[in-house]
Amino acid sequence: MLTLSNINELNTAKAELNVFQRNHPELFGKFIDMIYLTRALHFKYQYMGCLLMDEEPGENTPDFVYGSVLRLYKKEIQQLKNEADIQTLKDILAQYKQNGYAKLSLLALGQNPETLVGPTLVQ
């Protein structure tokens, strides 16, 4: 899937993620942990976002891993989804979904919005 992002949307998304981090530091930390787990397993951020948002991941589903690893990963996603204030994070992800979950994940990790501007093939 090709996503287009402009600097204004990315700056606004980054600002909202920063507010979320200040207001919900523990939950933000768990979200960051999930992003790092996704990266460590070489899964697509889009897959993580789809699972978190209860969307069908389709072609983003990893097809090179054991079922036990997928079950463990989904269990970790579910634990994050069971957090009390998860709806706040889901609202931010939904509002900026057109930028792609990969860019939103990179913004959460602290990447500069200017480096993410333009068309991207969502991973």
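No experiment lies behind these values; they were computed from the predicted model shown.

**Quick look at the overall build of the protein**
Counting its regular elements, the protein contains six helices and two strands. Its C-alpha radius of gyration of 14 Å places the protein within 12% of the 14 Å reference for a compact globule of 123 residues. The dimensions of the protein, computed from C-alpha atoms along their principal axes, are 40 × 30 × 20 Å. Looking at the protein as a whole, 43% of its 123 residues qualify as buried. Residue pairs at least 24 apart in sequence account for 74% of intrachain contacts in the protein once pairs closer than 6 positions are excluded. Of the roughly 6,700 Å² of accessible surface on the protein, a fraction of 53% belongs to carbon and sulfur atoms.

**Quick word on the packing of helix H1 (residues 7-23) against helix H6 (residues 101-108)**
The contact between H1 and H6 brings their axes to 9 Å, and the two run at 55°. Taken together, the axis directions place H1 and H6 in an arrangement best described as oblique. Viewed along their axes, H1 and H6 form a crossing whose handedness is right-handed. Between H1 and H6, the residues in contact are Leu 10, Ala 13, Lys 14 and Leu 17 and Lys 103, Leu 104, Leu 107 and Ala 108, respectively. Each residue belonging to the contact of H1 with H6 can be placed in one class, and the counts come to six nonpolar, no polar and two charged.

**Structural notes on the nonpolar core**
Counting residues in hydrophobic clusters, the biggest one holds 34 residues, and the most contacted among them are Phe 31, Tyr 73 and Leu 93. Breaking this core down by element, the ones donating at least two residues are H1, helix H2 (25-40), helix H3 (45-52), helix H4 (67-81), helix H5 (86-95) and H6. Setting aside its immediate chain neighbours within four residues, Phe 31 contacts Met 48, Leu 52, Leu 80, Leu 89, Leu 93 and Ala 108.

**With respect to unusual backbone geometry**
Although it is not a glycine, His 42 adopts a positive phi angle of roughly 60°. Position of His 42 relative to the elements: it lies in the loop between H2 and H3. Accessibility expressed as a relative area gives 63% for His 42, which makes it exposed. In this model, Asp 54 sits at a positive phi of 60°, which is unusual for a non-glycine residue. Topologically, Asp 54 is positioned in the loop between H3 and H4. Relative accessible area serves as the criterion here: at 55%, Asp 54 is assigned to the exposed category.

Rules behind the numbers
Residue numbers restart at each chain and count upward from 1, following the sequence in its written direction. Under the rules for a predicted model, residues below a pLDDT of 70 receive no local features and side-chain atom pairs below 80 are neither given nor counted, while totals for whole chains, interfaces and linings still include all residues. No hydrogens and no water enter the side-chain calculation; it runs on all heavy atoms of the structure. Numbering of helices and strands runs from the N terminus, with a helix taken as a DSSP run of H or I at least four residues long and a strand as a DSSP run of E at least two residues long. In this description the radius of gyration comes from C-alpha coordinates, and the expected globular size is given by 2.2 Å times residues to the power 0.38. Classification of residues uses two cut-offs on accessible area relative to the type maximum, computed with a 1.4 Å probe and protein chains only: under 20% is buried, over 50% is exposed, and between them is partly exposed. Any pair of residues with heavy atoms lying within 4.5 Å of one another is described as a contacting pair. Here the Shrake-Rupley method, with its probe set to 1.4 Å, supplies the accessible areas, and only the displayed protein chains count as covering residues. Lines fitted to the C-alpha atoms define the axes, with helices restricted to the stretch that makes contact. Angles between their N-to-C directions range from 0 to 180 degrees. Angles are sorted into four bins: roughly parallel if under 35 degrees, roughly antiparallel if over 145, roughly perpendicular if 65 to 115, and oblique for all others. For any helix crossing, the convention is left-handed if the near helix is rotated counterclockwise from the far helix by under a right angle, and right-handed if that rotation is clockwise. When residues are grouped by polarity, Ala, Val, Leu, Ile, Met, Phe, Trp, Tyr, Cys and Pro land in nonpolar, Asp, Glu, Lys and Arg in charged, and all others, Gly among them, in polar. By nonpolar core is meant a set of buried Ala, Val, Leu, Ile, Met, Phe, Trp, Tyr and Cys residues that side-chain atoms within 4.5 Å join together.

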